[in-house]
Structure formats: structure tokens, C-alpha cells
Amino acid sequence: METENQLENQLEIPKEDQALELITDIAQEEKEREREREREQKKAEERARKRKLIPPFVMLLSGAIVYIAMLLWHYPFKDMLVVLLCVLIVFYFLGEIYKWTLDRFEAQIEQARMDEGEVIEKEPDDSEENIEGMAIQTGDINEDNA
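In what follows, the accompanying structure is described. Per-chain numbering applies: the sequence of each chain, read as written, is numbered from 1 onward. Note on the predicted model: pLDDT of at least 70 is required for a residue's local features to be given, and 80 or more for side-chain atom pairs to be given and counted; whole-chain, interface and lining totals, by contrast, use all residues. Heavy atoms from the whole structure form the basis of all side-chain values; hydrogens and water molecules are not counted.

Section: a negative patch on the surface
Nonpolar side chains (Val, Leu, Ile, Met, Phe, Trp, Tyr) are joined into patches within 5 Å and like charges within 9 Å, using only residues with over 30% relative accessible area and no salt bridge. Areas reported here follow the Shrake-Rupley algorithm with a probe of radius 1.4 Å; residue values treat only the protein chains shown as occluding. We define a salt bridge as a side-chain nitrogen of Lys or Arg found within 4 Å of a carboxyl oxygen belonging to Asp or Glu. Charged-residue counts in this description rest on Lys and Arg as positive and Asp and Glu as negative, His and the chain ends being excluded. Here the site of a charge means NZ on Lys, CZ on Arg, CG on Asp, or CD on Glu. The grouping of Glu16, Asp17, Glu21 and Asp25 at the surface amounts to a negative patch. The helix count covers DSSP runs of H or I at least four residues long, the strand count covers runs of E at least two residues long, and both are numbered beginning at the N terminus. Along the polypeptide, Glu21 turns up in helix α1 (residues 2–51).

What about the packing of aromatic side chains?
To pair, rings of Phe, Tyr and Trp, with the six-membered ring standing in for Trp, must have centres within 6.5 Å; the planes then decide the type, stacked if under 30 degrees apart, edge-to-face if over 60, and tilted in the middle. Scanning all chains against the criterion turns up one aromatic pair. Taken together, a centroid distance of 6.1 Å and an interplanar angle of 75 degrees make the contact between Tyr92 and Phe93 edge-to-face.

Remarks on a nonpolar patch on the surface
The grouping of Tyr67, Ile68, Leu71, Leu72, Trp73, Tyr75 and Val83 at the surface amounts to a nonpolar patch, some 730 Å² of accessible area in total. Tallying contributions element by element places helix α2 (residues 54–72) first for the nonpolar patch, with four residues. Inspection of the secondary structure assignment puts Trp73 in the loop between α2 and α3 (77–145). The class of Trp73 is exposed, set by a relative accessible area of 61%. Note on exposure labels: buried denotes an accessible area under 20% of the residue type's maximum, exposed denotes more than 50%, and partly exposed covers the range between, all computed with a 1.4 Å probe on protein chains only.

Let's talk about α2
To estimate how far a helix should extend, the number of its residues minus one is multiplied by 1.5 Å. Its 19 residues give α2 an end-to-end C-alpha distance of 27 Å, which sits within 8% of 27 Å, the value for a rise of 1.5 Å per residue. By the burial criterion, the buried members of α2 are Ile54, Pro55, Met59, Ser62, Gly63, Val66 and Met70. Buried residues of α2, seen end-on, are gathered within an arc of 155 degrees and therefore sit on one face of the element. What points out from α2, more than 90 degrees from its buried face, is the exposed set Phe57, Leu60, Ile65, Ile68 and Leu72. Count one or two residues on from α2 and you reach His74, which has phi positive near 55 degrees. Note that the arc is computed from the directions linking the helix axis to the C-beta atoms.

Quick look at the pattern of salt bridges
Summed over all chains, the structure comprises eleven salt bridges. Between Glu30 and Arg37 there is a salt bridge, with its nearest N and O atoms 3.9 Å apart. Among the charged side chains, a salt-bridge network with shared partners connects Glu29, Glu30, Arg33, Glu34 and Arg37.

Written out as C-alpha cells, the structure reads:
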């Protein structure tokens, strides 16, 4: 009888250690995921800041090209200003459309990551249930051996 009790006590200690290790591992994985989310958020903010510069850059680049072309073709100054203003406005809106498209793509990618992340986050819950099931199974095995 005493050997059976000692055996049961010895078997219970590793179960508790395994459970504690698993909980510690899960906590560490959660911290790593949180750090990864923060890094991704910082990267997204950086891309958004850079993306804000797209419309003005497109507008100024197209304006410079058109201005140089009109100087080479000897346009009258008044006509040059009207054409240049129209080009600047049109290309600013084209840059805004391009920026909006990039924002939309990034939102879709982020949504896909979040959907993927939800599946990953549900896995530790399943593993906790598996550990409880393993403890029950090992308890059943110990009872069978006794």
C-alpha cells in the first residue's frame, strides 16, 4: 500500500511540473505574439507615414516633367500655367487613388493576418484540454496498474 501511495505521489509531481511548464510556455508564446503585433503595428505606421507622401510626390514629379516639356516646346507662359495647373490636379488625384489602393491592400492583408492569428490563439486552449485529458488518461493507467 505504501509503495502504491509513493508511486502515485511520484507520478503526480511530474504532472504538476509538466502543467507548470506548459503554462509558462504558453505565457511566453503569448508575450512573443504581443511583441510581434507591436512590431507589425510600428511597421504599418511607418508605411502609412511614407504612403502619405505618394500623392505630392507624383504630383510634383509629373509637374516637373510637363514644365520641362512645355519649355522645350516653347509654350506661351499663360497656356503653360493653365496646363501645368491641370496636370498637377489630375496627378494629385491619381496619387490619392494609388495611395487608397495601397491602404486597401494593406487592410486586407492585416485582416487575413488577424484571421490567421485567431486560429493560432485558439490552439493553446486545445492543448490545455489535451493536458487535462492526458492527466485523466495517466490516472486511468495508474488505476489499471494498481
